[in-house]
Amino acid sequence: NKFVYAFEEGDKDQKDLLGGKGANLAEMTRLGLPVPPGFIITTEACRYYLQHGRIPDSLRVQVTMALRRLEDVTGRRLGDAVDPLLVSVRSGAKFSMPGMMDTVLNVGLNDFSVEGLVEASGSERFAWDSYRRLIQMFGKTVLEVDGEAFAQALDDAKEAKGVTSDVELDADDLKGLVETFKAIVEKHTGRGFPQDPREQLDLATEAIFHSWNSDRARLYRRRERIPDDLGTAVNVVTMVFGNLDDRSGTGVCFTRDPATGKTGSYGDYLVNAQGEDVVAGIRNTLSLDDFKKVDPDSHKELRRIMRRLETHYRDLCDIEFTVEKGKLYILQTRVGKRTAAAAFRIATQLVDEQLITMNEALDRVSGEQLALLMFPQFDKSADREVLTRGMAASPGAAVGAVVFDSATAVAWKARGEDVILVRKETNPDDLEGMIAAAGILTSRGGKTSHAAVVARGMGKTAVCGAEQLVVDVTAKEARAGEVTLREGDVISIDGSTGEVFAEALPVVPSPVVQYLEEGIDAAVADADKDTAELVRAVDRLLGHADTVRRMEVRANADTATDADRARRMGAQGIGLCRTEHMFLGPRRELIERVVLADTPDARSAALDALLPLQRDDFVELLTAMDGLPTTIRLLDPPLHEFLPDRAELMVKVALAEERGEDVEHDRKLLAAVNRLHEENPMLGLRGVRLGLTVPGLFALQVRAIAEATAIRLEAGGHPHPEIMVPLVGSLMELHLVGDETEGIVEEVSEAEGVTMSIPIGTMIELPRAALTAFRIAEVAQFFSFGTNDLTQTTWGFSRDDVEAAFFADYLKKGIFTVSPFESLDRDGVGRLVRIAVEDGRRTRPDLTLGICGEHGGDPESIHFFHDVGLDYVSCSPFRVPIARLEAGRAVA
Ligand code: PEP
Ligand code: MG
């Protein structure tokens, strides 16, 4: 097996084998760019190591060959006492991955070659400083010596000399420090710092392989859903030095602005410095324009290379470079990370520059990015000072008074105050407070912590793991540095950046939402140039997605107001109107009367009272959706939602009896509630079961729909209602409801003298429905997958309880990478969907297929629904644009 590739031998498409960094170094070498020579040890070697606990034998030989070649090319030798070759050893997985061991510089230095470096560089101080850095870095990362020991020794050396900064230490001080560092290594590992350069290289390689499985790396992979079995490559690169003299330096640059997407090049440069100095932010960096002033030749060369790379990759590149004594080297490039706004702008810019097609542009943006752009944001032009930072756990901008417990959050919210719930971490007991809060801030836990998972589920702004924040719940205060936040203090949290501010910041609505609601002209009218360009980019990409996508996008909307919004967002119909929502609130008692009626007459009277209300609801809805399909689902309440609370009622009756009051009515009510009480209402008398058990209930709704349709037709409208039956598990259920429905529709048609045809279909939200779809399709004219219930019933966990109860734990353990209620479980629930699609179409080739569970708005799930061949997805109005984009991306 070939485990080692010279840079000349690879290319950018070999990321699986060579890792991202290695593949790009190889590509640049092939382009003839000034990359320091080197070679790559493959991810395959890493996988071998992880499996067998040792490196493959042939790797040693191949590394020898590659090293010899490197020595020939550079004309220098590793460990030589004259002008020695030094290399850096860098990890590089397919996906960039914090948590893994990063880099060891200056490999090849030892007690002899350090003298060679003195000679070659002409600087004794430089050479000993390089050696000092090697022992420190190598000791810490490869030999796992506690880094504090080195840091302490360095501080001691400075203190002994009475200086404060590293640069004030001279060559002799550094020589002394090298001895101290070597002693530290010996003390902690029981053996001396390895003097053999080849041993240094081998140990560093193994340490990088090993770090693939560090806790942090594993956690990161789980969070980002990167497979565990990829392994990392190792890059061995000839050292070049940016810290030799003032004609040397190091920098990073971007071919476009990764923050806003503006054209032009951006970057930082540090004279006489090494890479780590830039990151550490010790000294002020120069802009690229200033770089041009200090080193016009290198600058010109860099600009040429930036253009070359951008043209080659046809995307924003970020580039790390070093200048050694006036000679420019490129150390790394990759297609650069960018903000959501930059992604949209850059994608359309590249189309305009004719570097990519519109289809490719669609591939450069995502629904998640669009979602980020749709949240309200803090006004960036306002003066603001960051108090502290955490993880951007759930996007949005929230302002409110600090509270430290759930009860206070609920109480303050009830009196009309916005609050931010601040906790060390949250647990299921905090749920009510989280619901009441405008935002959630925790000092511990990451993107998969309870707070983050629950907040994202609720669409609530959250910043998690703000580690510098010391939260004292008992004292009701939180400290960040000098600042102490007390209960009632107003703060702002930015869930898109993780920033926390100790003041109320002004919030501005998203320009993208304004565009969606009011159209492009209104949105760009008063916008600044950047905003206008962003909105235009979104418009173009969404428009393109609309032209290429195969699936339609409908919305879940229960009222005419929601329906209006959905239409503006681009919905092509309503995929789910949940009629039970029309009866929560003041109308609840009307349903209560129907359910509790103890004689047929009482029930009829209760139903008759409902009819005009329902009819008006549907007239409004069908007016709002004129010309578009409108799927109305018959009642599907878990019954308890419509009945008075049992415990409360019991107390009420008991108290009234004690006082000797008339309790006749309440006692009857209680008896009925007791009779209907269910331990598992979600698996109980709901959906079609209720419709078949309570005579007249579905009939009333069907009549209301038919009459509303007649009214709209008579008014010259174009109503397209569809009647959908929930929670069907057997063909017979649908037969019974279907027969009754057809009868009523016919009756109304005749009575009103209009012709109408109203398709009847069913939700597929029980495994049995999916498995018997071939039968159900005999009656159903359409299927709509209720993936919320289908997930609940397939996994057997309650959608109302489990997310808070144990999902955080399940995510941490890696049982899920994401909540199956958020992103469709393809293997299990998805399999049922596929079966129902195939079997249903076999029975009825023109069966319309859609999905109306929450997954209809989730990007990954949308791609799955496209793949299995659904006709449409239906999601909440605000997710409609995201679904449009993703349905387009699924094709492009
Ligand atoms: C579903 O179960 O996926 C669905 C859309 O219905 P509901 O969420 O109303 O149960
Ligand atoms: Mg359901």
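Since the structure is predicted, the reported quantities are computational estimates derived from the model, not experimental observations.

Colleague: So what's going on with the packing of helix H28 (residues 697–714) against helix H29 (residues 731–752)? Which residues, and what values?
Modeller: It is the contact of H28 with H29, at a shortest axis distance of 9 Å, that shows an interaxial angle of 35°. Classified by chirality, the crossing of H29 by H28 is right-handed. On the side of H28, the interface is formed by Phe698, Ala699, Val702, Arg703, Ala706, Glu707, Ala710 and Glu714, while H29 contributes Val737, Glu740, Thr741, Ile744, Val745, Glu747, Val748 and Glu752. Of the residues that constitute the contact of H28 with H29, the class distribution is 9 nonpolar, 1 polar and 6 charged.

Colleague: Quick rundown of the coordination of the magnesium ion (ligand 2)? Include the residues and the values.
Modeller: Six octahedrally arranged donors around a metal ideally form angles of 90 or 180 degrees; four tetrahedrally arranged donors ideally form angles of 109.5 degrees. Those protein atoms acting as donors to the magnesium ion (ligand 2) are Glu765 (OE) and Asp789 (OD), and they sit at 2.0 to 2.1 Å. One end of the pair, Glu765, is in the loop between strand E28 (760–764) and helix H30 (767–771); the other, Asp789, is in helix H32 (residues 787–795), with 24 residues separating them in the sequence. Since its relative accessible area comes to 3%, Asp789 is described here as buried.

Colleague: Can you explain the sheet that holds strand E26 (residues 629–633)? Please cite residues and give values.
Modeller: Sheet architecture is closed into a barrel: 8 strands sit in the order E24-E25-E26-E27-E28-E29-E30-E31, paired in parallel fashion. Between one strand axis and the next, the sheet turns through 30° on average, direction left out of account. Helix H24 (residues 600–624) contacts strand E25 (574–578), E26 and strand E27 (720–725) of the sheet and is inclined by roughly 150° relative to E26. Across the face of the sheet, helix H36 (residues 880–891) comes into contact with strand E24 (552–556) and strand E31 (872–875) while running at roughly 160° to E24.

Colleague: Before we move on, can you summarise helix H26 (residues 664–676) with the specific residues and values?
Modeller: With 13 residues, H26 extends 19 Å from end C-alpha to end C-alpha; this agrees with the ideal 18 Å at 1.5 Å per step. Residues Asp666, Leu669, Leu670, Ala672, Val673 and Leu676 constitute the buried set of H26. One side of H26 carries all its buried residues, which in axial view fall inside an arc of 165°. In this structure, H26 carries Lys668 and Arg675 as exposed residues pointing more than 90 degrees from its buried face. As for H26, its buried residues are in contact with helix H23 (588–596) and helix H25 (646–658).

Colleague: Tell me what's going on with the domain arrangement of the protein chain, and back it up with residues and numbers.
Modeller: The domain architecture assigned to the protein chain consists of domain 1 (4–238), domain 2 (249–335), domain 3 (376–508) and domain 4 (549–637 + 686–891). If you average the C-alpha positions of domain 1 and of domain 2, the two centres end up 23 Å apart. Counting residues at the interface gives 19 residues for domain 1, matched by 18 residues for domain 2. In total, domain 1 and domain 2 occlude about 1600 Å² of area from one another, counting both sides; carbon and sulfur atoms represent 58% of this. Counting across the domain 1 and domain 2 interface gives 0 salt bridges. One can count 5 residue pairs in polar contact (both at pLDDT 80 or more) joining domain 1 with domain 2. Of all the elements in the fold, those that place two or more residues in the side of domain 1 that touches domain 2 are helix H1 (15–30), strand E4 (103–107), helix H4 (113–121) and helix H5 (124–142). The greatest single-element share of the side of domain 1 that touches domain 2, amounting to 5 residues, is contributed by H1. Taken together, the residues of the side of domain 1 that touches domain 2 break down into 10 nonpolar, 4 polar and 5 charged.

Colleague: With reference to specific residues and values, describe unusual backbone geometry.
Modeller: Even without a glycine there, the phi angle at Asp83 is positive, about 40°. Relative to the helices and strands, Asp83 resides in the loop between helix H3 (57–74) and strand E3 (87–93). If you check the backbone angles, Arg314 has positive phi at about 55° while not being a glycine. For Arg314, the position within the fold is in the loop between helix H12 (296–313) and strand E9 (317–324). Residue classification places Arg314 among the partly exposed positions, given a relative accessible area of 29%.

Colleague: Describe a nonpolar patch on the surface, with residues and values.
Modeller: Together, Leu692, Met732 and Leu736 give the surface a local cluster of nonpolar side chains, amounting to about 290 Å² of exposed area. Mapped onto the elements, Met732 comes out in helix H29.

Colleague: Requested: an account of the sheet that holds strand E2 (residues 38–41), with residues and values cited.
Modeller: Overall, antiparallel pairing links the 5 strands, which are arranged E1-E2-E5-E3-E4 in an open sheet. Each having just a single partner strand, strand E1 (4–6) and E4 make up the two edges of the open sheet. Adjacent strand axes in the sheet meet at a mean angle of 20° when their direction is disregarded. Pairing analysis gives 3 bridges linking E1 to E2, with the strands arranged antiparallel. In the strand pairing of E2, Val4 is matched with Ile41.

Rules used throughout
- Residues numbered from 1 in each chain as written.
- Chains lettered and ligands numbered in written order.
- Predicted model: local features only at pLDDT ≥ 70, side-chain atom pairs only at ≥ 80, totals over all residues.
- Heavy atoms only, no water.
- Axes fitted to C-alpha atoms, helices over the stretch in contact; angles between N-to-C directions.
- Helix = DSSP H or I, 4+ residues; strand = E, 2+ residues; numbered from the N terminus.
- Left-handed = near helix turned anticlockwise from the far one by under 90°.
- Contact = heavy atoms within 4.5 Å.
- Nonpolar A, V, L, I, M, F, W, Y, C, P; charged D, E, K, R; others polar.
- Donors = N, O, S within 2.8 Å, 3.2 Å for Na, K, Ca; no water.
- Buried < 20%, exposed > 50% of the residue type's maximum accessible area, 1.4 Å probe, protein only.
- Pairing = 2+ DSSP bridges.
- Expected span 1.5 Å × (residues − 1).
- Arc of directions from axis to C-beta.
- Domains from an automatic or database assignment.
- Buried area = accessible area lost by both parts, 1.4 Å probe.
- Salt bridge = Lys/Arg side-chain N within 4 Å of Asp/Glu carboxyl O.
- Polar contact = N/O pair within 3.5 Å; in protein donor to acceptor, adjacent residues only side chain to side chain.
- Patch = residues over 30% accessible without salt bridge, like charges linked within 9 Å, V, L, I, M, F, W, Y side chains within 5 Å.
- Areas by Shrake-Rupley, 256 points an atom, 1.4 Å probe, with all protein chains shown as cover.

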